[in-house]
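Residue-level structure breakdown
What follows is each chain in one-letter form.
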Amino acid sequence: MSEVAIDKQAVLKTDSKLEKLYSLGHFVVTGELGPPQHSDGHELEHHAVELKDIVDGFNLTDNQTAIVRLSSIAAGVHVLKGGGVPIIQMTCRDRNRIAMQSDLLGAYSLGIRDVLCLSGDHQSFGNHPTCKNVYDVDSVQLISMVKKMRDEKKLLSDAAIKTNEPRFFIGAVENPFGDPFEFRAIRLEKKVNAGADFIQTQAIFDVEKFARFMEMVVARGIHERTKITAGILPVRSVKALQYMKKDVAGMEIPDSLIERMKKAEDPKKEGIQVSIELCNQLKKIPGVAGIHIMPVGWEAALPEIVKGAGFLPRPKV
């Protein structure tokens, strides 16, 4: 695909590649990389080199499942070295507002332009279950704080950022399947009102229920104020699906999919095919502006899914 010139009439908030792609009407495709549980970031750089033309950006998780890992910001620097676009995550679980704002300034100074704001997995899931959580601000307040730093050039305390404010493209997450279901779009709208420029959803397996969620979103006009990216989680075994259905809150997994994976001669191949089919269904739902693929340590699946879904070549900006 040839390079596309940015519409000079478009008013961009940032110099984020993701914002440029969205503003041009491209269907954005992002992936996810999990920072390692050690201090060597060369594998992240390697993945960025190998996959930078496959997806438009890489989420870098922030101590995912409350397990100590290489920091999201450091991981983002390794992805930049590999030529990729990092989307750092920042959770409310581990930092107070002073540390958050300091880290945001630091990340921006290192060339990171995209941040995803979320609460974070509870510490009881991780390898320090008795640690003290922070939650000085919640995810909506975090989104608002990042927006205030960017648009008002102020810290949360109202102290001025006199120069070089961090101009992040601000992301948030949403689970379309949580209870009560009828209030999920209202909850999403709170994050958009706070300043979320794009949304990444929980992994979707129940397309019919997600489509009902998107009907509520479109009815409220939320899709016109933010870019909604539908989550895809490739699975390699029926055990993974059964675990998520039983033990992961807010996951909707149809029994028919579990039966399909049970009967598969090659579960990995079948898992990739399921992901491709999900991509093809989700991209047709009104209001969906992109796909976010979370391979969870199965980075080799990314090229197969993106190619199989017809998302290649990726646009250049």
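The present account deals with the structure reproduced in this document. (Residues numbered from 1 in each chain as written. Predicted model: local features only at pLDDT ≥ 70, side-chain atom pairs only at ≥ 80, totals over all residues. Heavy atoms only, no water.)

If you add up the space inside the second largest pocket, you get close to 210 Å³. Taken together, 13 residues make up the lining of the second largest pocket; nearest its centre are Lys13, Glu19, Phe169, Asp197 and Lys227. The dominant element in the lining of the second largest pocket, judged by the number of residues it contributes, is helix α1 (residues 17-23), at three residues. Partitioned by chemical class, the residues of the lining of the second largest pocket number four nonpolar, three polar and six charged. (1 Å grid on protein atoms, 1.4 Å probe; cavity = no way out; pocket = protein on both sides within 12 Å on 5 of 7 lines; lining within 4 Å. Points joined across faces, edges and corners; volume = space filled by probe spheres on them. Helix = DSSP H or I, 4+ residues; strand = E, 2+ residues; numbered from the N terminus. Nonpolar A, V, L, I, M, F, W, Y, C, P; charged D, E, K, R; others polar.)

Let us look at the pattern of salt bridges. Evaluation of the coordinates by the stated rule reveals 22 salt bridges. Across the pair Asp94 and Arg93 runs a salt bridge whose closest N-O atoms are separated by 2.7 Å. On the basis of relative accessibility, which here comes to 34%, the residue Asp94 falls in the partly exposed class. Residues Arg187 and Glu174 are paired through a salt bridge, measuring 3.1 Å at the closest nitrogen-oxygen approach. A residue pair is termed long-range when its members are at least 10 positions apart, and Arg187 in helix α6 (residues 184-194) and Glu174 in strand β5 (residues 169-174) qualify at 13 residues. Judged by relative accessible area, Glu174 falls into the buried class, the value being 2%. Where salt bridges share partners, they join Lys13, Lys147, Arg150, Asp151 and Asp197 into one cluster. (Salt bridge = Lys/Arg side-chain N within 4 Å of Asp/Glu carboxyl O. Buried < 20%, exposed > 50% of the residue type's maximum accessible area, 1.4 Å probe, protein only.)

This part takes up the side chain of Thr91. On the secondary structure map, Thr91 appears in strand β3 (residues 86-91). Beyond its immediate stretch of four places on either side in the chain, Thr91 contacts Asp62, Met100, Leu118, Ser119 and Gly120. (Contact = heavy atoms within 4.5 Å.)

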